[in-house]
Amino acid sequence: MDEPVRILMISGSLRAGSASTTLLQTVPEVVDPAAVEARMYFGLGGLPHFNPDDDFDPLHPAVAELRDMIGEADALLFSTPEYAGSLPGSFKNLLDWTVGDTRISDKPTAWINCAAPGRAEPTYATLRNVLNYTGAGIVEEACVRIPVSRAAIDTEAGTVSDPVAREGLAEAVEILARYAREARSE
């Protein structure tokens, strides 16, 4: 069997118990570990404020780690809450640090919107704009809405327990993994 597809998962939330983070942390439970290696990025709060004057070697260690993790991944999966009608500032800061680097370019990329229907559309429109600017390879089929209510979260496990949400998540990740396998074989 081929090596597992390495998917780097990045939440746009710093909040403990975030539905976005919880949904991403569920991925390892809903995929075949022989096919998908899901790795969570937890460095969002440690990134320095983006300044183009600092975007040169040697990079801040937190920025170097982020870029290395993106470079090692076969695909990227994001989920973020909406804050004040757009991306949370800390998450936009993370995305700003990806602009001056080419490792995100053409990388199969998707997002899961876990907000209720009618919520967070401006946030994901902004995410799409930024990812297009970076050259990320957006996998439209894997960009889905999977609403996650507080009742659907297993707070002890830190994962989503709702079977419908888990099934939708597994389908989206498999689509993203398929694109990543194809990109890896090219």
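The structure displayed is predicted, hence computed values, not measured ones.

A. Structural view of the packing of aromatic side chains. Here the structure, examined in full by the defined rule, presents 3 aromatic pairs. Plain terms: the ring middles of phenylalanine 78 and phenylalanine 91 are 5.8 Å apart, the flat faces sit at 65° to each other, and that makes the pair edge-to-face. Taken together, the residues phenylalanine 78 in strand E3 (residues 75-79) and phenylalanine 91 in helix H3 (residues 89-99) connect sequence positions 13 residues apart. Assigned by exposure class, phenylalanine 78 and phenylalanine 91 land together as buried. Both rings, one in tryptophan 111 and one in tyrosine 124, keep their centres 6.3 Å apart while their planes meet at 35°; by these two values the pair is tilted. Taken together, the residues span a long stretch of sequence, with tryptophan 111 in strand E4 (residues 108-113) and tyrosine 124 in helix H4 (residues 121-134) at a distance of 13 residues. With respect to class, tryptophan 111 is no different from tyrosine 124; both count as buried.

B. Up close: the packing of helix H1 (residues 19-30) against helix H5 (residues 163-185). The N-to-C vectors of H1 and H5 enclose an angle of 80°; their axes lie 9 Å apart at closest approach. Between H1 and H5, the angle is such that the two are roughly perpendicular. Here Leu23, Thr26, Val27, Glu29 and Val30 of H1 lie close against H5, whose contacting residues are Arg166, Leu169, Ala170 and Val173. The residue makeup of the contact of H1 with H5, split by class, is 6 nonpolar, 1 polar and 2 charged.

C. Region of the structure containing the state of the cysteines. This structure, assessed with the given rule, holds 0 disulfides. The thiol of cysteine 114 is unpaired, and the distance to the nearest cysteine sulfur, on cysteine 143, comes to 14 Å. A relative accessible area of 7% places cysteine 114 in the buried class.

D. Looking closely at unusual backbone geometry. In this model, aspartate 57 is joined to proline 58 through a cis peptide bond whose omega is -5°. In this fold, proline 58 is placed in the loop between strand E2 (36-41) and helix H2 (61-72). Positive phi, normally seen in glycine, also occurs at aspartate 106, with a value near 65°. Phi at alanine 120 is positive, roughly 75°, even though this residue is not glycine. As for its placement among the helices and strands, alanine 120 is situated in the loop between E4 and H4. Of the residues examined, alanine 120 reaches a relative accessible area of 4% and is grouped as buried.

E. View of the side chain of arginine 67. Topologically, arginine 67 is positioned in helix H2. For arginine 67, a relative accessible area of 4% gives the class buried. A polar side-chain atom of arginine 67 sits 2.7 Å from a polar atom in the side chain of aspartate 55. In this structure the side chain of arginine 67 is engaged in a polar contact, spanning 2.7 Å, whose partner is the backbone oxygen of tryptophan 97. The contact partners of arginine 67, leaving out residues within four places of it in the chain, are Asp55, Leu59, Trp97, Gly100, Asp101 and Arg103.

F. View of the environment of alanine 142. Note on placement: alanine 142 falls in the loop between strand E5 (137-138) and strand E6 (144-145). Classification of alanine 142 by relative accessible area gives buried; the value is 0%. Note: C-alpha distance between alanine 142 and isoleucine 175 (33 residues apart in sequence) is 5.8 Å. The contacts of alanine 142, once residues within four sequence positions are left out, are Ala110, Trp111, Ile112, Ala172, Ile175 and Leu176.

Cut-offs used in this document
- Residues numbered from 1 in each chain as written.
- Predicted model: local features only at pLDDT ≥ 70, side-chain atom pairs only at ≥ 80, totals over all residues.
- Heavy atoms only, no water.
- Phe/Tyr/Trp six-rings, centres within 6.5 Å; stacked < 30°, edge-to-face > 60°.
- Helix = DSSP H or I, 4+ residues; strand = E, 2+ residues; numbered from the N terminus.
- Buried < 20%, exposed > 50% of the residue type's maximum accessible area, 1.4 Å probe, protein only.
- Axes fitted to C-alpha atoms, helices over the stretch in contact; angles between N-to-C directions.
- Parallel < 35°, antiparallel > 145°, perpendicular 65-115°, else oblique.
- Contact = heavy atoms within 4.5 Å.
- Nonpolar A, V, L, I, M, F, W, Y, C, P; charged D, E, K, R; others polar.
- Disulfide = S-S within 2.5 Å.
- Polar contact = N/O pair within 3.5 Å; in protein donor to acceptor, adjacent residues only side chain to side chain.

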